[in-house]
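So you can see what is in the structure, the chains are spelled out below.
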Amino acid sequence: MMESSETSAQAGETVTVSLTVNGEPRQLQVTPNVVLLDALRDDLRLTGTKKGCDHGQCGACTVHVDGKAVNSCLRLAVMCEGRHVTTVEGLARDGQLHPVQRAFLEHDAYQCGYCTPGQMMSAAALLEDERIAADDASVREAMSGNLCRCGAYKNILEAIQDARRDVTAGTGEGA
Amino acid sequence: MRSFAYRTAEDISQAVTTHGADDHVAYVAGGTTLLDLVKLDVMRPSQLVDINRLPLSEVETLDDGRLRIGATVTNTDLAHHPEVKARYPLLSQALLSGASTQLRNMATTAGNVMQRTRCPYYRDASAACNRREPGSGCDAMHGINRMHAVLGVSDACIATHPSDMCVAMAAIGATLTLEGPEGVREMAFNDFHRLPGEQPEKEHELRPGELITHVTLDTPVEGAGAHYLKLRDRASYEFALASAGAVVAVEDGMIREARLALGGVATKPWRAHEAEQALHDQPASIETFEMAAEAALQDAVPHEHNAFKIPLARQAIVRALREACKDAENANPQR
């Protein structure tokens, strides 16, 4: 994580950021004021990650950085040097949907779908986090940073608890 | 987002040197407050100094029993740290009641200490705000001030300090280690945040270029129970209308020691000294708790929409004290 060299950029100066995105080494050409969300969408054309509020209030932009769910709208791309980033495009592996994706499909855990990538990234992270209890109240609390204006919360919760069975059975990929 | 320069620092002295005690340079760790406010044009740094590579990500128990927390320990990692859960449950509860999973994964200990108010007039660059633009006035004073403070207010500012973590630290007692161009110094946590007074723009006692490197928690009160109660408009992912953090040690039905701090109602993390005095050596009863709650709010100053916070905070105090006493009983059944 700390192996990378010093980074220094003037305002407006483009620098190269090397990181791993969905398992593949990638390079970003960004100025210091570009957030990870915009770099993923505009530079890497990974448009599954959505921009909602752009202020860390809605969770639509949730991705994993080094396995942890974060708001990519509040993380500078230049701060991701050497990091491992997973987006919704990286959840499925070897042509197999992630258990969370399969469960969202089966439980109709969305209406318009705009918040769904962020919801699924938070869900995939919480199922791997032993510090978060498995009961419904704990899951709702852990998911509260992902807003759904359509109000699909009930089905989202059901989907996550269903996916939990696959993940704990060891068939999940762990994202 | 406006443009700024960016540099990483490899060690503390390099970070301080790079900062150069320049008002337009900001340290960045989690960035959750900073980048939000840069996007709103409320903060306007010309350069950021990234401190994430500094060796400040450890939590360690010192020989004297205190707990030393590095600046960049995330809110999530601190809340779940075994020493924090076992010895400082108030801090763990407070941290987990704040923000969202994603934000706690990013937000750091020092960054949370430096968290800015959520006052909507502070966050709106076109509104009058003495905290953001000294001398411009305060649109909250006669505006929509339901979320604003009733303790520690001044004619210049009634903005609420938003942190839950800081309320727990105010109750527990802590020391900040600060490093800057003039060297290293320590400061009591409760001396760090300033009341707004006539200069609300001066939010804290940091000197130019100083960096918070550690927060060291006082040794826990022996045999005490603890409870953090947060009352808010929705059950999760919302700032407090009123919160109370209580640490209480009870012996033979009498309160041996009590620590109480309030959030959501004050302009800084609010240690309720008057309430603590009302609790000391008194029976651990609802009547005592109600007297303490009365004492805590005796100097409260409401504005048009936030008078409800005074009884709400009193109730929060009574309930937090009651739960902390129950917790103490469960931890020490012989007492």
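Just so it is clear, the structure is predicted and the values come from calculations on it, not from any experiment.

Novice: Could you clarify how one ought to interpret the interface of chain B and chain A in this entry?
Specialist: When the parts of a complex come together, some accessible area is lost, and that lost area is often used as the size of the interface. The interface is formed by 27 residues belonging to chain B together with 30 residues belonging to chain A. Contributing elements (two or more residues each) for the side of chain B that touches chain A: β1 (5–8), α2 (34–39) and α6 (101–106) of chain B. With five residues, α6 of chain B is the largest single contributor of residues to the side of chain B that touches chain A. Bridging between strand β1 (residues 8–9) of chain A and β1 of chain B involves two bridges; their strand directions are antiparallel. Its bridge partner being in β1 of chain B, A9 of chain A is matched across the sheet by Y6 of chain B.

Novice: Would you mind showing me how to read the domain arrangement of chain A here?
Specialist: All names here are of chain A. By the assigned domains, chain A splits into domain 1 (15–90) and domain 2 (99–168). Residue-level contacts link 13 residues of domain 1 with eleven residues of domain 2. Secondary-structure elements contributing two or more residues to the side of domain 1 that touches domain 2 are β4 (62–65) and β5 (68–71). Counting residues per element, the side of domain 1 that touches domain 2 draws most heavily on β4, at three residues. Looking at the side of domain 1 that touches domain 2 residue by residue, the classes come out as six nonpolar, five polar and two charged.

Novice: Looking at this model, I keep getting lost on helix α12 (residues 309–331) of chain B. Mind explaining?
Specialist: Side chains that are three or four residues apart share a direction in an α-helix, a result of its 3.6 residues per turn. Residues and elements named next belong to chain B. Along its 23 residues, α12 runs 32 Å from first to last C-alpha, staying within 8% of the 33 Å computed at 1.5 Å per residue. Those residues of α12 that fall on the buried side of the exposure criterion are K309, A313, R314, A316, I317, V318, A320, L321, A324, C325 and A328. Tucked inside the fold, the buried residues of α12 contact β9 (225–231), β10 (242–251), β11 (254–263), α10 (273–279) and α11 (286–296).

Novice: Please explain the nonpolar core as it appears in this structure.
Specialist: A general feature of soluble globular proteins is that nonpolar side chains tend to end up buried together. Of all hydrophobic cores here, the largest spans 163 residues; its most connected members are A77 of chain A together with V248 and I317 of chain B. Top contributing element to this core by residue count: α12 of chain B, with nine residues. Every residue in contact with V248 of chain B, bar those within four places of it in the chain, is listed here: A224, G225, I255, A258, L321, A324, C325 and A328 of chain B.

Novice: How should unusual backbone geometry be read in this particular structure?
Specialist: Backbone phi values are negative for most residues with the exception of glycine, while trans is the configuration of most peptide bonds. Notably, N22 of chain A is not glycine yet its phi reads approximately 50 degrees, a positive angle. Considering the arrangement of structural elements, one finds N22 of chain A in the loop between β2 (15–21) and β3 (24–30). You can call N22 of chain A buried: it has 20 C-beta atoms within 10 Å. Phi at A21 of chain B is positive, roughly 55 degrees, even though this residue is not glycine. Following the sequence through the fold, A21 of chain B ends up in the loop between α1 (12–19) and β2 (25–28). On the basis of neighbour count, A21 of chain B is assigned to the partly exposed category, with 14 C-beta atoms found within 10 Å.

Novice: Looking at this structure, how should I read the UniProt feature "domain: FAD-binding PCMH-type" (unreviewed entry) in chain B?
Specialist: Following the UniProt record, the feature "domain: FAD-binding PCMH-type" (unreviewed entry) maps to residues 1–222 of chain B here. Across residues 1–222 of chain B one finds 26% helix and 18% strand; the C-alpha atoms that close the span lie 49 Å apart.

Novice: Looking at this model, I keep getting lost on the pairing of β4 of chain A. Mind explaining?
Specialist: In summary, the side chains of a regular strand alternate between the two faces of the sheet. All names here are of chain A. Taken together, the four bridges between β4 and β5 define a ladder with antiparallel strand orientation. Bridging across to β5, V63 finds its partner in V70. As consecutive antiparallel partners, β4 and β5 are separated by two residues, and within that stretch D66 has a phi angle of approximately 50 degrees, a positive value.

Novice: Which parts of the structure should I look at to understand the packing of helix α5 (residues 89–96) of chain B against helix α8 (residues 165–172) of chain B?
Specialist: The geometry of a pair of packed helices is captured by two quantities: the angle between their axes and the separation between those axes. All names here are of chain B. Two elements in contact, α5 and α8, have axes separated by 8 Å at closest approach and are oriented at 165 degrees. Viewed along their axes, α5 and α8 adopt a mutual orientation that is roughly antiparallel. At the point where α5 passes α8, the crossing takes the right-handed sense. Packed against α5, whose contacting residues are L90, L91, A94 and L95, the element α8 presents M165, V167, A168, M169, A171 and I172 at the interface. Taken together, the residues of the contact of α5 with α8 sort by class into ten nonpolar, no polar and no charged.

About the cut-offs
Residues numbered from 1 in each chain as written. Chains lettered and ligands numbered in written order. Predicted model: local features only at pLDDT ≥ 70, side-chain atom pairs only at ≥ 80, totals over all residues. Contact = placed C-beta atoms within 7 Å. Helix = DSSP H or I, 4+ residues; strand = E, 2+ residues; numbered from the N terminus. Pairing = 2+ DSSP bridges. Domains from an automatic or database assignment. Nonpolar A, V, L, I, M, F, W, Y, C, P; charged D, E, K, R; others polar. Expected span 1.5 Å × (residues − 1). Buried ≥ 20, exposed ≤ 12 C-beta atoms within 10 Å, placed from the backbone. Core = buried A, V, L, I, M, F, W, Y, C linked by C-beta atoms within 7 Å. UniProt positions renumbered as here; feature names shortened; annotations may be inferred. Axes fitted to C-alpha atoms, helices over the stretch in contact; angles between N-to-C directions. Parallel < 35°, antiparallel > 145°, perpendicular 65-115°, else oblique. Left-handed = near helix turned anticlockwise from the far one by under 90°.

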